[in-house]
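For reference, the chains in residue letters:
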Amino acid sequence: MKKLYFLLSMVLVVFSCTPALAVAGKTSLSGKVTDKTTGEALPYVSLYVPDLKTGAVTKLDGTYLIDNLPNTKILIQISFVGYQSVIETIDLATTTTKDFALETSVKEMNEVVVTGTSRATEIKKNPVPMISITKDYLAQNASTNIIETLNKVPGVSTLTTGPNVSKPFIRGLGSNRVLTMFDGVRQEGQQWGDEHGIEIDQFLIDHIEVVKGPASLMYGSDALAGVVNLLPANPAPDGVIKGNVLTNYQTNNKQIAGSLALDGNSKGFVWGVRGSHKQASDYQDKYDGRVYNTKFNENDVNAYIGLHRAWGYSHLNFSMYDDVQEIPDGSRDSLTRKFTRQINEADTARPIATNEELNSYTISVLHQHVQHYRVYSSSNFIIGRSKLNLNLGVQQSSRREFSHPLYPDVAGLYLVLKVFSYDIKFHLPDIKGVESTIGVNGMYQDNSADKGTQFVVPGYHSFDAGPFIHIKKMIGKLDIAAGVRYDARLFQNDSMFSKPNATTGFDMITSYNPTDTTVVRQFDYYKHTFTGFSGSIGATYNVNDNIAIKANVARGYRAPNVFEIAAKGVHPGTGLEQLGDANFKPEFSLQTDAGLFFESKHISGSVEVFENNITNYIYNEKLVSVKGGDSLFKQGGNTFPVYQFRQTTAQIYGGEFSLDIHPHPLDWLHFENSVSVIYAINKGGNGATINDSNKYLPLIPPLHTNSELRANIHKKIGCFANLYVKAGVQYYATQNQAYLAYGTETKTPAYALIDAGAGTDIVNKKGNTLFAISFLGTNLADAAYQSNMNRLKYFDNYPKNGSGRSGIYNMGRNISFKVSVPLYIKKSA
């Protein structure tokens, strides 16, 4: 790994200092941005070139200059609050000055995306189903982690294990079917675990792009259901040093958070640094009170440097994520229903958690300690009329789950994952309007699992490689995109043996010894190569500036993960024994998407439908004993239910509808509505018999609606600017279509959640922002509910208790207070 870190650094240095790559000549782009109606100059307008990660902000007189640009075609986006964004392709070989006239609009109706496509693309021209989540959306919606913010997005849901752990699901599919990325680099950190969260600083995220469908063409395995790309803010414009100080307090779990950031740009040398901290006590809900063992304490550091020249750009990034968090086991006192805590290995007696423990920030002895380190280089080199994108990343994820109350320094589960990822794309010169890209990406993983006392998965090595080709062509109003890819994953795990430790009595890894009767085989040797083809073809027809029709057909591929193949043991954070299956085959999906999109000055909306057929679909099923009850596994003083992964054929279909109304003449008023619905059918296979209890798939969100009334007033009123006030309601229908076989899932009642909020910038007489403040409330009616995507719903040692309730409920009423102070250390002239 040290060699890989060194190699990664050398790649940046070599390429950044090699002007021989700058085949394209150096040029610049300048001009003026004005109001289309009045002709007045517009200051502080953002101009950004996504493929080059460079841009500028207009001066007080509306003029701008973007220097160090190559003599090639670029896609530029011009955006300003209260105006419709302009996206235009400019050939810098023939154009070096360009003026833009912006039209006032209550909605920035056009956006550029960089995810799920070979290069920056207008979202309205991209046939792949996707959505862009803006910085304003993230700021105006409270959450305890960045993934939880996605819950209102049509077609997206989250699997939760308390307030600090959320996993994205896209159209009913999650886990290793959704690839989470940071700044275009895949996020790797034992993603197979349901309670393994996303190891990223939430305050680092500026906006998010979500691909709602198979993205295996561009990213290979683990993107069968789609992609969530978490993107940081763009680099500062030339001549600027800016920053931000943010503080946040949330009432429900007494969460305290703070973050400090600084970014600068001096003649194309860019840099940035951010440090963040957040901590919380146990969360609470109406029925459970404070839920014992749901605290967390997180610290983050992120930094980057980079160089922007006419030959392109190259960035080197570093991040550190350090999180100590608790996962509840749901144990309660049989009489009072109050939560209890484990105090010895045999677990023979459990005292009730005290109020002091429930309200404290002190992390208990039984907790998880997750550390994630990442160094990655992202570069884009201009070579004549061609481009070379090179992303290289090194990551290390250390996960320690402490489950021994009398041995607080001994980790039960101890995993260390080391990853080297690569993504290389070469964009060929356009030939008669055809944009062609060839590339290859993948990763190498080395996972060690021999340091703990509980062994759920073996240590393993895997290598992924996937070459692909992608083409795009615009024919009048029709945009066509297509591509094909071949993937191979070489996977190997060695056999593992354990024996009791003479001092503690816990299992420890040892070598095979046929004469030692205490030696137990934990895992068998396994080696396999998974392969598969994927691809997509789609088209967008822009009827006019307001109406677009999209259609796309994509084949996805996913190799089984180590948990599905080899799991055998109790995972401390799940409360169950998990069994894998070494005979699993790769999953393949065929998804068809169609959508109709309409946008005007006062009304915008969309209707999207999809059907997804998946062969060899992997799901988890609870086992029963030969006597008819739950199959149980005893470990120490605890008893755990046993689950087994299965494969079947699945059909998932549904759609999303959205409608956003800005009634004239009240253009500042927004009435946003959306509906998402998913049906998931277990079609059977592998000898399984389908009946009423198993005809649906597990972990499928119910019908979900979201309505929000929001007032946005961008004009300055006294010392207030960019004022917003909003109120909304989310409704989740009853989910009766659950996987009921053997008690794997239970039905979930309907519930509704009410939220509201307000925020504003406080400005001085010159209109400069002094600070921004917001008040956001979620579940304001303090509804007691259990989401069917809440894993804690099944955490209860006395599920039949006479109260009519079982498991742990979701978070109750929560009020978030946030203050953000911008820092301007140096402004451009």
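These lines cover the structure that appears in this document, whether it is placed above or below. Keep in mind that this is a model prediction, so the values were computed, not measured.

## Overview of the pattern of salt bridges
Taken as a whole, this structure holds 38 salt bridges when the rule is applied. Between Asp755 and Lys152 there is a salt bridge, and its shortest N-O distance comes to 3.1 Å. Highlighted residues: Asp755 in strand 44 (residues 751-763) and Lys152 in the loop between helix 2 (135-139) and strand 11 (156-160), separated in sequence by 603 residues. The shortest N-O distance in the salt bridge between Asp347 and Arg350 comes to 3.0 Å. The class of Asp347 is buried, set by a relative accessible area of 15%.

## Focus: the sheet that holds strand 14 (residues 185-186)
The sheet built from 5 strands is open, its strands ordered 10-15-16-13-14 with mixed pairing. With one partner strand each, in any of the chains shown, strand 10 (130-133) and strand 14 form the two edges of the open sheet.

## Thoughts on the sheet that holds strand 7 (residues 100-102)
The strand order across the open sheet formed by 3 strands is 4-1-7, and the pairing between neighbours is mixed. A strand with exactly one partner marks an edge of an open sheet, and here the two such strands are strand 4 (63-70) and strand 7. Pairs of neighbouring strands in the sheet enclose a mean axial angle of 30°, with direction left out of account. Bridging between strand 1 (residues 26-35) and strand 4 involves 6 bridges; their strand directions are antiparallel. Along strand 4, the bridge assignment pairs Leu29 with Ile66.

## Thoughts on the side chain of Thr34
Relative to the assigned elements, Thr34 resides in strand 1. Relative accessible area serves as the criterion here: at 18%, Thr34 is assigned to the buried category.

## Focus: a nonpolar patch on the surface
A grouping of Tyr541, Ile549, Leu596, Val607, Val609, Phe657, Val675, Leu703 and Tyr731 is seen on the molecular surface, where their side chains present a nonpolar patch of about 720 Å² in accessible area. Residue Ile549 is classed as partly exposed on the basis of its relative accessible area of 40%.

## Section: the nonpolar core
Ranked by size, the top nonpolar core spans 35 residues in total, and within it Leu150, Ile205, Ile208, Val228, Leu230 and Ile652 carry the most contacts. Top element by residues in this core is strand 38 (residues 603-622). It accounts for 4 residues. Discounting chain neighbours no more than four positions away, the residues touching Ile652 are Arg171, Leu173, Phe610, Glu611, Asn612, Ile614, Ile678, Tyr679, Ala680 and Leu697. If you look at the next biggest cluster of nonpolar residues, it comprises 24 residues, including Tyr460, Ile565, Ala567 and Phe588.

## Side note on the environment of Leu390
Topologically, Leu390 is positioned in strand 25 (residues 386-402). Leu390 gets classed as buried once you look at its relative accessible area, which sits at 10%. Put simply, Leu390 and Asn546 are 156 residues apart on the chain and 36 Å apart in space, counted from C-alpha to C-alpha.

Rules behind the numbers
Residue numbers here run from 1 along each chain, matching the order of that chain's written sequence. Given that this is a predicted model, residues contribute local features only at a pLDDT of at least 70 and side-chain atom pairs are listed and counted only at 80 or more, while totals for whole chains, interfaces and linings are drawn from all residues. With hydrogens and water stripped out, all remaining heavy atoms of the structure feed into the side-chain values. The term salt bridge refers to a pairing of a side-chain nitrogen on Lys or Arg with a carboxyl oxygen on Asp or Glu at a separation within 4 Å. A run of DSSP states H or I qualifies as a helix once it reaches four residues; a run of E qualifies as a strand once it reaches two. Both are numbered from the N-terminal end. Burial status follows relative accessibility: with a 1.4 Å probe on protein chains alone, a residue under 20% of its type maximum counts as buried, one over 50% as exposed, and anything between as partly exposed. Note: two strands are recorded as paired if DSSP finds a minimum of 2 bridges between them. A fitted line through C-alpha atoms represents every axis, and for helices the fit uses only the stretch in contact; the resulting angles, taken between N-to-C directions, go from 0 to 180 degrees. Every patch collects residues that have over 30% relative accessible area and no salt bridge, joining them within 9 Å if they carry like charges and within 5 Å if they are nonpolar side chains (Val, Leu, Ile, Met, Phe, Trp, Tyr). Using a 1.4 Å probe, the Shrake-Rupley method yields the accessible areas, and only the shown protein chains count as cover for residues. Nonpolar cores are built from buried Ala, Val, Leu, Ile, Met, Phe, Trp, Tyr and Cys residues. Side-chain atoms within 4.5 Å join them into one set. Contacts: residue pairs with any heavy atoms within 4.5 Å of one another.

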